[in-house]
Amino acid sequence: MREDNRSGEIEETAVLRCTYSVCPICLRRIEARHVRRKGGVFLEKECPEHGAFSVPFWRDRIDLADWIKDAEPIREGENLNCPHACGLCPDHRRDTCCVVLEVTGRCNLDCSFCFAGKDGLSEPSFDRLRESLQQLIRPGATLVQLSGGEPTLRDDLPELVAEAKKAGCKYVQLNSNGIRLAEDRQFVKTLADAGLSFVFMQFDGIRDGTYEKLRRRPLLGIKKQAIVNCGECGLGVVLVPTLVPRVNIDEIGDIIRFGVALSPFVRGVHFQPVSYFGRIPRLPGDEDRFTLDELIWQIGEQAGDLVRPENLGPSCCDHPLCGFHGDFIVLGPGKLLPLSKRDGHTVQDSPCSDPADRSREFVARRWQRGEEKLSGNPLNSRQDDIQDMDSFLERLKVHGFTVTAMPFQDAGNLDLERLRSCSLHVFAEGKMIPLCARYLTAWRGK
Amino acid sequence: MEESRKLICSRCQVEMTPAKAYFSYLDHSFHTDLLRCPRCGQVFIPEELVKGKMQEVEMALEDK
């Protein structure tokens, strides 16, 4: 297909796929297409009232068709109520892998980017949260993420963790900026004693300047102290960087290196390319998007000695465009043994297990500290015979390390084909809602 | 493996002896000590190993 581009030149384009999205201004459900043009693959759509929109989601660093493989396109007449009647309708294709429970709207930071936003005041009562926990938990299976706001602002957070465990929750994850975890070691110990499984900690880079840009204050020292406090209390930490073009893309390799050097305290890095929902500094242009394939390419460029792109594959629990995972064992401060490879054996080959159940068990096993949990030395680089079956299993439990990513969707790039395969759900209003539907916010102007 | 356990190779009728055995799975190779026939090389893999550590290794490599 040939068409006029914005500067009036004739440009070759090709429609790769048809799907559905929303108008970013009025959020009505509209048709959309994956279109390859100069610069990559774009989600293109047109609202009868607010005009045309185009957002890049792939920049052809990896073959898109090879990455998506046989993911089924959304067809006419399917998922008709998506995303506005979200609450896991019969058309939704994934069970819950992890469930987010917002325990407070308060926060002790004022970030430039925050998908959850903050209202500064609201905080559900302990009794209401207990009731929610009882509703959402499937005994022996659930992984709940206590989120916010900043959950550690609740003094009764350890009691909530204990309540979740009492209700049969298998894994309890804390999503935190780490400030209180750094400043209040006793609080960390109390959380660990209450049964907290691991911590997802906002960690945007290894430069204070990065935190000043994204979080409006220098935080590197605080992050390091939080990791030490969690580690010494037996809690695994997963570093969660929000990746923003022109801010911290060049820190990707250093973040991985930093995490590997702190194994077994640090269990992995979970990258989140920036999405434009909740609180954002301005509406994004094409140059403000950092796509999944660019991330994989950058990992290879910046940390190829540790993680090779071919060791990162699409998540089988969600749509292939919603993330990747890589599984490793730390052999020493600068050496990883890859266990995963793209196109290797995947969960889809295992007809007997539900992808959400299996993915949950995988991440929880890796992110929870292994049996050596209180032995102390985070830089343990003892060289075992890794081919010995016992040494392999022992080292995997103690020094397992994951490199994962999840690019959330916003009103600009929301693809309902992706949304209907979402396994990360928020529990709100008594129902499970896919995260990107729950936090979907309309853009106020084009 | 029980030290006192004696096994005779069904093929060669000689006592099997402890030896390092190698396995490979999904491009990774591992070894562990097993009873092996010194004559024909046949190894005995106990059920507890198959349902225990070997399964754990398989799961680790198949995860996700």
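Residues numbered from 1 in each chain as written. Chains lettered and ligands numbered in written order. Predicted model: local features only at pLDDT ≥ 70, side-chain atom pairs only at ≥ 80, totals over all residues.

(A) Examining the pairing of strand 11 (residues 236-240) of chain A more closely. All names here are of chain A. Across the 5 residues that make up strand 11, a large majority, 5, are buried. Going residue by residue along strand 11, you find G236, V238 and V240 tucked away on one face and V237 and L239 tucked away on the opposite face as well. Where strand 10 (residues 198-202) and strand 11 come together, 5 bridges link them in parallel fashion. In the strand pairing of strand 11, Q202 is matched with V240. As defined by bridge partners, strand 11 adjoins strand 13 (residues 266-273) across 3 bridges and the pair is classed as parallel. Within strand 13, the residue paired with L239 across the bridge is V269. (Buried ≥ 20, exposed ≤ 12 C-beta atoms within 10 Å, placed from the backbone. Helix = DSSP H or I, 4+ residues; strand = E, 2+ residues; numbered from the N terminus. Pairing = 2+ DSSP bridges.)

(B) Geometry of the domain arrangement of chain A. Residues and elements named next belong to chain A. For chain A, the assigned domains are domain 1 (2-83) and domain 2 (98-368 + 383-405). Taken together, the contact pairs 11 residues of domain 1 with 11 residues of domain 2. When contributions to the side of domain 1 that touches domain 2 are tallied by element, the ones reaching two or more residues are strand 6 (51-58) and helix 1 (64-68). Top contributing element to the side of domain 1 that touches domain 2 by residue count: strand 6, with 4 residues. Considered class by class, the residues forming the side of domain 1 that touches domain 2 number 8 nonpolar, no polar and 3 charged. (Domains from an automatic or database assignment. Contact = placed C-beta atoms within 7 Å. Nonpolar A, V, L, I, M, F, W, Y, C, P; charged D, E, K, R; others polar.)

(C) The arrangement of the sheet that holds strand 2 (residues 28-36) of chain B in detail. Residues and elements named next belong to chain B. Strand order in the open sheet made by the 3 strands is 1-2-3, with antiparallel pairing throughout. Each of the sheet's edge strands pairs with one partner strand only, and the pair in question is strand 1 (17-25) and strand 3 (43-44). Sheet analysis places strand 1 next to strand 2, joined by 9 bridges and oriented antiparallel. Following the sheet pairing, A19 is matched in strand 2 by L34.

(D) Local environment of the nonpolar core. In terms of nonpolar packing, the biggest core is built from 130 residues, with C230(A) and V237(A) touching the most fellow members. Looking at which domains feed residues into this core, each of domain 1 (2-83) and domain 2 (98-368 + 383-405) of chain A gives three or more. (Core = buried A, V, L, I, M, F, W, Y, C linked by C-beta atoms within 7 Å.)

(E) Up close: helix 8 (residues 252-261) of chain A. Among all positions in helix 8 of chain A, only I252(A), I255(A), I256(A), F258(A), G259(A) and V260(A) are buried. Tucked into the core, helix 8 of chain A has its buried residues touching strand 11, strand 13, helix 9 (292-303), strand 15 (324-332), strand 16 (335-338) and strand 17 (400-405) of chain A.

(F) Representation of the environment of V398(A) in the model. Of note, V398(A) is situated in helix 11 (residues 389-399). It is 39 Å that separates the C-alpha atoms of V398(A) and C86(A), two residues lying 312 residues apart in sequence.

(G) Here's a closer look at the interface of chain A and chain B. With 16 residues of chain A at the interface, the matching set in chain B holds 13 residues. Residue assignment for the side of chain A that touches chain B shows that the elements contributing at least two residues are strand 15, helix 10 (355-367) and helix 11 of chain A. When residues of the side of chain A that touches chain B are assigned to their parent elements, the largest contribution, 4 residues, is made by helix 11 of chain A. When the residues that make up the side of chain A that touches chain B are grouped by side-chain class, the tally is 8 nonpolar, 6 polar and 2 charged.

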